[in-house]
Amino acid sequence: MNLSTQSDPTWSPYALPRTTTRIVTAASNGHDYRLLISVPKAAPPEAGFPMLLVLDGGALFPTVAETERRLSHRTEVTGVEPMVIVGVGPSHTDMYDMAQRHRDFTSAGPLLAEDASRFATGGGDAFMSFLLEEVVPLARQQTAIDPARISLMGHSLAGYFALDTLTHRPAAFAGYCAVSPSIWWDPPRLMEAAESLDGSSARVTLAVGRREQSEDGSNPRGDQRRMVDSLQELGRLLTAKLSQDQVHIHVFPDEDHASVVSPAAIRALRMASRA
């Protein structure tokens with residue numbers, strides 16, 4: 001039997017602490033998005049809080065925001081500072097909208113993905129304009145945020161978007177966390193652009209689950225997309241162009257494409273604290 005406020009008034013809805021939400025229509029592309037924001041209780045530092053912008057916000061924001069809330073109580077132990085977490089996701093669902101993801105997280109360049117024809121693609125530039133010109137200013141209206149310490153986190157196709165932004169517009173954010181990124185979408189676009197990253201101060205965290213690619217052919221989809229190998233190859237290139245201090249690569253041995261988000265969130269928060 002499902003409990004609800006209608007059948008049992010002693011139960012009431014629960015909301016994440018310190019969190020508010022609103023629907024915003026993007027001027028850059030005319031589409032609606034749900035924004036979620038978690039603000040620390042403490043007063044901001046003189047320069048403002050660091051901020052982590054989380055894509056696929058409906059699905060990922062609760063995990064990241066609650067992880068920050070727990071770990072930032074003991075920064076000296078966890079390495080996670082109190083920070084603002086902002087989630088950006090579809091306005092009509094608390095999970096994923098595949099059509100919206102394909103539209104917003106892909107570039108306008110040539111597409112190599114086998115399913116590129118299933119959805120409209122190529123809206124990445126407009127979506128990035130929305131993030132930088134609308135979402136970030138809206139967040140800064142809520143509390144003091146250090147403009148030099150804003151980082152971006154994306155998973156799967158949103159991870160590809162984070163890497164595409166890093167390699168083509170590295171100064172857009174101070175840090176980038178790409179979790180199980182869909183490098184297979186257009187590998188040459190990322191690898192070729194990464195060659196020009198000399199001198200960038202961006203911090204980069206790459207994460208993937210070891211179980212996303214098999215050694216015995218038991219994961220045909222992940223094997224074809226070379227989820228682990230491609231991330232490590234790109235990681236080596238980024239390390240060579242930036243530095244070992246700037247690039248951190250994590251291959252979590254027991255995680256798959258879905259479960260890797262939780263341990264990766266901790267690494268993303270530590271990266272954003274150092275940005």
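Residues numbered from 1 in each chain as written. Predicted model: local features only at pLDDT ≥ 70, side-chain atom pairs only at ≥ 80, totals over all residues. Heavy atoms only, no water.

**Q** What exactly am I supposed to notice about the overall build of the chain here?
**A** In terms of regular secondary structure, the chain is built from nine helices and eight strands. Radius of gyration (C-alpha) of the chain: 19 Å, near the 19 Å computed for a compact globule of 275 residues. Taking the principal axes of the C-alpha coordinates as reference, the chain spans close to 55 × 50 × 40 Å. Counting across all 275 residues of the chain, residues that qualify as buried make up 51%. Counting only contacts in the chain whose residues sit at least 6 apart along the sequence, the fraction spanning at least 24 positions is 71%. For the chain, the accessible surface area stands at approximately 12700 Å², while carbon and sulfur atoms represent 51% of it. Of the side-chain charges in the chain, 25 are positive and 32 negative, and the distance between the mean point of each set is 4 Å. (Helix = DSSP H or I, 4+ residues; strand = E, 2+ residues; numbered from the N terminus. Rg over C-alpha atoms; globule rule 2.2 N^0.38 Å. Buried < 20%, exposed > 50% of the residue type's maximum accessible area, 1.4 Å probe, protein only. Contact = heavy atoms within 4.5 Å. Areas by Shrake-Rupley, 256 points an atom, 1.4 Å probe, with all protein chains shown as cover. Lys, Arg positive; Asp, Glu negative; His and termini not counted. Charge placed at Lys NZ, Arg CZ, Asp CG, Glu CD.)

**Q** Looking at this model, I keep getting lost on helix H4 (residues 124–140). Mind explaining?
**A** Side chains of residues three or four places apart in an α-helix project in the same direction, reflecting 3.6 residues per turn. The first and last C-alpha atoms of H4 sit 23 Å apart over 17 residues, in line with the 24 Å expected at 1.5 Å per residue. Of the residues making up H4, those classed as buried are Gly-124, Phe-127, Met-128, Phe-130, Leu-131, Glu-134, Val-135, Val-136, Leu-138 and Ala-139. (Expected span 1.5 Å × (residues − 1).)

**Q** Even after reading the chapter, I still don't get the side chain of Thr-67, so can you show me in this structure?
**A** As for its position among the elements, Thr-67 is in helix H1 (residues 57–71). On the basis of relative accessibility, which here comes to 7%, the residue Thr-67 falls in the buried class. Not counting residues within four places of it along the chain, the set of residues in contact with Thr-67 comprises Ile-266 and Leu-269.

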